[in-house]
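Structural overview for review
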Amino acid sequence: MNLICYLSNGYPTIESSKEMALRYVDAGCDIIEIDFPAHDPYLESEYIAGRMAAALEACSDYTAYMDGMAEMKKTSA
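The text that follows walks through the structure, step by step, so that each part is easy to find.

Rules behind the numbers
Sequence order sets the numbering: in each chain, residues are counted from 1 along the sequence as written. Owing to the predicted nature of the model, reporting of local features is limited to residues with pLDDT of at least 70; listing and counting of side-chain atom pairs is limited to 80 or more, with chain, interface and lining totals taken over all residues. Note that water and hydrogens are dropped before the side-chain values are worked out from all heavy atoms of the structure. A run of H or I in DSSP counts as a helix once it spans at least four residues, and a run of E counts as a strand once it spans at least two, with each numbered from the N terminus. What a helix is expected to span follows from its residue count: subtract one and scale by 1.5 Å. When a residue's accessible area, from a 1.4 Å probe over protein chains only, is under 20% of the maximum for its type it is buried; when over 50% it is exposed; and in between it is partly exposed. What the arc covers is the set of directions going from the helix axis to the C-beta atoms. The contact criterion used is simple: two residues touch if any of their non-hydrogen atoms lie within 4.5 Å. The convention used is that axes are lines fitted to C-alpha atoms, helices contributing only their stretch in contact, and that angles between N-to-C directions extend from 0 to 180 degrees. Between 65 and 115 degrees an angle is taken as roughly perpendicular, under 35 as roughly parallel, over 145 as roughly antiparallel, and anywhere else as oblique. Two helices cross in a left-handed way if the nearer one is turned anticlockwise from the farther one by less than a right angle. They cross in a right-handed way if the turn is clockwise. Strands qualify as paired when DSSP identifies two bridges or more between them. When the strands point away from the viewer, a crossover counts as right-handed if the route from the first strand across the helix to the second turns clockwise. Grouping buried Ala, Val, Leu, Ile, Met, Phe, Trp, Tyr and Cys residues that are joined through side-chain atoms within 4.5 Å yields what is termed a nonpolar core.

On to helix α3 (residues 62-76). Under the 1.5 Å per step criterion, the end-to-end length of α3 is 21 Å for 15 residues, consistent within 8% with the ideal 21 Å. Among the residues making up α3, those that are buried are Tyr65, Gly68, Met69 and Met72. Seen along its axis, α3 keeps its buried residues to an arc of 100°; they face one direction. If you follow the buried residues of α3, they end up packed against β1 (4-7), α1 (14-26), β2 (31-34) and α2 (46-58).

Put simply, α1 and α3 touch, their axes get as near as 10 Å, and they point 25° apart. Classified by the angle their axes make, α1 and α3 are roughly parallel. In the crossing of α1 with α3, the sense of the turn from one axis to the other is right-handed. Packed against α1, whose contacting residues are Ile14, Ser17, Lys18, Ala21, Leu22 and Val25, the element α3 presents Ala64, Tyr65, Gly68, Glu71, Met72, Thr75 and Ser76 at the interface.

Mapped onto the elements of the fold, Ser17 is located in helix α1. Overall, Ser17 belongs to the buried group, its relative accessible area being 1%. The contact partners of Ser17, leaving out residues within four places of it in the chain, are Leu7, Ser8, Asn9, Gly10, Tyr11 and Met72.

Okay, the pairing of β2 next. For β1 and β2, the ladder comprises 4 bridges, and the chain directions are parallel. The residue bridging Leu7 from the neighbouring strand is Ile34, located in β2. For the segment spanning β1, α1 and β2, crossover handedness is right-handed.

Moving on, we get to the nonpolar core. In terms of nonpolar packing, the biggest core is built from 6 residues, these being Cys5, Leu7, Ala21, Tyr24, Cys29 and Met72. Among residues more than four places away in sequence, those in contact with Tyr24 are Cys5, Tyr6, Leu7, Cys29 and Ile32.

Shown next as structure tokens:
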């Protein structure tokens, strides 16, 4: 059985998301589901939508989110 963890990408910052991904791996997480903050997360819960909105307020550059996820993949592999 695999341990799957969810990561709100960019909340509260992209840098903190990268740190959290490393914590997940160090704690034994096998798979990390990383969200991509959307401007209109209509299918998400109010909680997740709020985290996405806060992330986008801090950084609205989608390239930065993609770069952060690439870094997480490299350092967590």
